[in-house]
Amino acid sequence: MDENDLLDNLIDLCDDLAWGRPASEDRLFGLTAPQTPAQASGQGAQQPSPQPGAGTVPERYARLAEAFGMMLVKVEAREFQQAQLIAELRDRNEELEEARRLLTERNQRLAHTLQDSFQPRRLIGQCAAMRAVTDMALSIARRPINTLLLGPTGAGKEVVAKLIHYSSPRREGPFIAVNCTAIPEALFESEMFGIERGVATGVSARKGLVEEADGGTLFLDELADMPLPHQAKLLRVLEGREVVRVGSSRAIPVDIKVVAATNADLAQAVREGRFREDLYYRINVAEVHLPPLCERGDDILLLAQHFLERHCAQMGRPRLTISFGARDLLRRYAWPGNVRELNNEMERAAALTIGDRVEVGDLSPRIAGPVGAGGSGGGAGGGTAAASAGRETASAGSAGHAPGFTPGLTAGAEGAAGAGGAPCPAGSLPGAGSLPDAGAFTGAGYQPPSVASPSPAFVAAVSAGAGQPGISGGADAADRFNLHGLERETILAALDHAGGNKSRAAELLGITREGLRKKLLRFAISGGDDRA
């Protein structure tokens, strides 16, 4: 190979390296090909071309230098691009790691917030029945036993199920809720137990709901409505603690805690053959009964205020309070939809209330309407009969008040009919002696509720005027019935009836706790319990 061919090969090789093209083998081997003897001895070798004039560079050498310089530039550029790409990838990796860390922290915060939302202290309910439910739920949470929750629809069975889960050692595991009536019969096995790939056209492998709940809690809602064929399949899984996916023969072990809920009488369903007896005993290891809302007394007002504040915050409006007349109607209503119905009612009030307080007129017609249409409260169908029952209840209930207490106007909370005329159980609601707003007393056929007679002790005290400010013992009626003395006597009677609890006394009087405190200072009345 002569000098010109060598230069041409070098130039072509530099071009290939500069543009990133793979060098051909003939060029690579041509650069290092051994010389023939004739070439080594100089025989037959072509003479180099004559040198051009002084100070000039041969064309081939110039092309070689240009190609070599271009190669160096291109190689350096590629190395720079590679370094830049590596730096960008490193920065992107750091960003991804930071995003992963933030997502992990956010997920942990959300999990902790969710767990904290279903702690016992967050459960709203002070009545004896709900305290018993809470104690029972905490006892169940510490043990890996199946549980059956019984109660009317809307009573909060899923809330209790989450309380059990997030108070148990399984709190870090999943909580999978399943509506037993929402899964079609043809898809029950694949949805509950999973399916393998290739069982049907276009079907990919996936886990079932039971397998998803592994290490956590499986909540079966509306269990009584599950068809009998599904019950047999579920029983097999609960007994063996393993699932077999559709299209597979391999059993997958699962570790789950089952909490089931229904508003039906499962024992009666077993007797009628609508529910499997073996599944009933498998699930009903522990049984929890949730009371209806109308049996929870003052919990109605606590829940109402809680729901009202939550919906106000979601709607971006200031906090609302509930007037005394509206509170009285809420306590006297039967609540056939239970807590769910109360939540919807407070959402409606938060959206439609114009002022800063929920009045009687802001409530739904099914709650406030009967008061203005001839009923004495609580629901449709109350009418004159409920008003008569209210008068009897008010007259009979006055004997149970503290001496000197005047309950005022009442329609008989315990005799008020609920929706559809169904009364709440007697004694389940606190006696509320409040006067609804004047706007509710409209409509034809309205019969005003009775005025409960004051207790004999109070009449004797007013007649005698024994040392009370503003009440003299003479025959002058204007002195004996001085409003100053009557107001003081009423405050004392309310405190006595509330057992000294100022908050409860203020609620009975229809004023705020701060207003009661000012009146106590004005009348120089000391004592009372400062508990909220």
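The numbering scheme is per chain: residues are counted from 1 as the chain's sequence reads. Note on the predicted model: pLDDT of at least 70 is required for a residue's local features to be given, and 80 or more for side-chain atom pairs to be given and counted; whole-chain, interface and lining totals, by contrast, use all residues. No hydrogens and no water enter the side-chain calculation; it runs on all heavy atoms of the structure.

### Thoughts on the overall build of the protein
Then comes step 1: The helix and strand tally for the protein stands at 21 helices and eleven strands.
Then comes step 2: Classification of residues uses two cut-offs on accessible area relative to the type maximum, computed with a 1.4 Å probe and protein chains only: under 20% is buried, over 50% is exposed, and between them is partly exposed. Within the protein, the proportion of its 532 residues that are buried is 38%.
Then comes step 3: Any two residues having at least one pair of non-hydrogen atoms within 4.5 Å are treated as being in contact. For the protein, contacts bridging at least 24 residues in sequence account for 71% of all contacts bridging at least 6.
Then comes step 4: For the protein, the accessible surface area stands at approximately 28,500 Å², while carbon and sulfur atoms represent 54% of it. Secondary structure counts use DSSP, requiring at least four H or I residues in a row for a helix and at least two E residues in a row for a strand, with both numbered from the N terminus. For every accessible area listed, the method is Shrake-Rupley and the probe measures 1.4 Å; residues are considered covered only by the protein chains on display.

### Description of the nonpolar core
Then comes step 1: Of all hydrophobic cores here, the largest spans 33 residues; its most connected members are Met192, Val210, Leu218, Leu220, Leu223, Ile256 and Phe275.
Then comes step 2: Counting only elements with at least two residues in this core, the list comes to strand S1 (147–150), strand S2 (175–179), helix H7 (188–193), strand S5 (217–221), helix H9 (228–240), strand S8 (257–262), helix H10 (266–271) and helix H11 (277–283).
Then comes step 3: If one sorts the elements of this core by residue count, H9 sits on top with four residues.
Then comes step 4: Every residue in contact with Val210, bar those within four places of it in the chain, is listed here: Met192, Phe193, Leu218, Val237, Val243, Val254 and Ile256.
Then comes step 5: By nonpolar core we mean a set of buried residues, namely Ala, Val, Leu, Ile, Met, Phe, Trp, Tyr and Cys, connected to one another through side-chain atoms within 4.5 Å. Listed in part, the 25 residues of the second largest apolar core include Leu329, Tyr333, Ala349 and Leu363.

### Considerations on the side chain of Thr134
Then comes step 1: Topologically, Thr134 is positioned in helix H5 (residues 128–141).
Then comes step 2: With residues near it in sequence (within four places) discarded, Thr134 still touches Pro120 and Leu123.

### What to know about the layout of surface pockets
Then comes step 1: Of the pockets and cavities examined, the second largest pocket occupies roughly 800 Å³.
Then comes step 2: Forming the boundary of the second largest pocket are 28 residues, of which Phe118, Gly156, Val159, Phe307 and Val339 lie nearest the centre.
Then comes step 3: Within the residue set of the lining of the second largest pocket, elements represented by two or more residues are helix H6 (157–166), S5, helix H12 (299–315) and helix H14 (338–352).
Then comes step 4: Sorting elements by how many residues they give to the lining of the second largest pocket places H6 first, with five residues.
Then comes step 5: Residue composition of the lining of the second largest pocket, grouped by class: 13 nonpolar, seven polar and eight charged. Any residue with an atom within 4 Å of a point lines the site, the site being either a cavity, points on a 1 Å grid over the protein atoms alone where a 1.4 Å probe fits but cannot get out, or a pocket, an open set with protein on both sides within 12 Å along at least 5 of 7 lines. Grid points are joined across faces, edges and corners, and a volume is the space filled by probe spheres set on the points. Each residue is assigned to one class: nonpolar for Ala, Val, Leu, Ile, Met, Phe, Trp, Tyr, Cys and Pro, charged for Asp, Glu, Lys and Arg, and polar for all the others, Gly among them.

### What about the sheet that holds strand S9 (residues 286–289)?
Then comes step 1: Taken in spatial order, the five strands line up as S2-S5-S8-S1-S9 in an open sheet, and their pairing is parallel. Unpaired on one side and paired on the other, S2 and S9 mark the two borders of the sheet. The sheet shows a mean angle of 20° between the axes of neighbouring strands, taken without regard to direction.
Then comes step 2: Strands pair, by our definition, only if DSSP identifies at least two bridges between them. Note that S1 and S8 share four bridges and pair parallel. Its bridge partner being in S8, Thr147 is matched across the sheet by Val259. Axis definition: a line fitted to C-alpha atoms, limited for helices to the stretch in contact. Angles are taken between N-to-C directions and run from 0 to 180 degrees.

### Side note on the side chain of Glu341
Then comes step 1: Mapped onto the secondary structure, Glu341 falls in helix H14.
Then comes step 2: Side-chain polar atoms of Glu341 contact the side chain of Arg366, separated by 2.9 Å.
Then comes step 3: Those residues in contact with Glu341 that sit more than four places away from it in its chain are Tyr333, Trp335, Pro336 and Arg366. Distance and chemistry together define a polar contact, namely a pair of N or O atoms within 3.5 Å, with one atom able to donate a hydrogen and the other to accept it when in protein, and with adjacent residues in sequence counting only for side-chain atoms on both sides.

### With respect to the packing of aromatic side chains
Then comes step 1: Pairing of aromatic rings covers Phe, Tyr and Trp, the last through its six-membered ring, and needs centres within 6.5 Å; plane angles under 30 degrees mean stacked, over 60 mean edge-to-face, and all others mean tilted. Tallying each qualifying case throughout the model produces four aromatic pairs.
Then comes step 2: Ring geometry for Tyr280 versus Tyr281: centroids 5.2 Å apart, planes at 65°, classification edge-to-face.

### Some remarks on H12
Then comes step 1: Compared with an ideal rise of 1.5 Å per residue, which puts 17 residues at 24 Å, H12 spans 24 Å between its outermost C-alpha atoms and is within 8% of the ideal.
Then comes step 2: Among all positions in H12, only Asp299, Ile300, Leu301, Leu303, Ala304, Gln305, Phe307, Leu308, His311 and Cys312 are buried.
Then comes step 3: Where H12 is buried, its residues touch H5, strand S10 (321–322), helix H13 (324–332), H14, strand S11 (357–358) and helix H20 (502–509). Residue count minus one, scaled by 1.5 Å, sets the expected span of a helix.

### Quick word on the packing of H13 against H20
Working note: a packed helix pair is described by the angle between its axes plus the distance between those axes.
Then comes step 1: Between H13 and H20, whose axes approach to 9 Å, the crossing angle comes to 100°. Taken together, H13 and H20 sit at an angle that is classed as roughly perpendicular. Of the residues in H20, those touching H13 at Phe324, Arg327 and Arg331 are Arg504, Glu507 and Leu508.
Then comes step 2: The residue makeup of the contact of H13 with H20, split by class, is two nonpolar, no polar and four charged. We call two directions roughly parallel when the angle between them is under 35 degrees, roughly antiparallel when it is over 145, roughly perpendicular when it lies between 65 and 115, and oblique otherwise.

### Here we look at the confidence of the model for the protein
Close inspection of predicted coordinates is inappropriate in any region flagged by low pLDDT.
Then comes step 1: Here pLDDT means the predictor's own confidence in every residue, given as a number from 0 to 100. In the predicted model, the protein carries a mean pLDDT of 74, and 67% of its residues have values of at least 70.
Then comes step 2: Counting contacts from residues 43–47, a segment whose pLDDT is below 50, to residues more than four positions away or on other chains yields two contacts.
Then comes step 3: Between residues 465–475, whose pLDDT stays under 50, and residues either more than four places distant or in other chains, the model counts 19 contacts.

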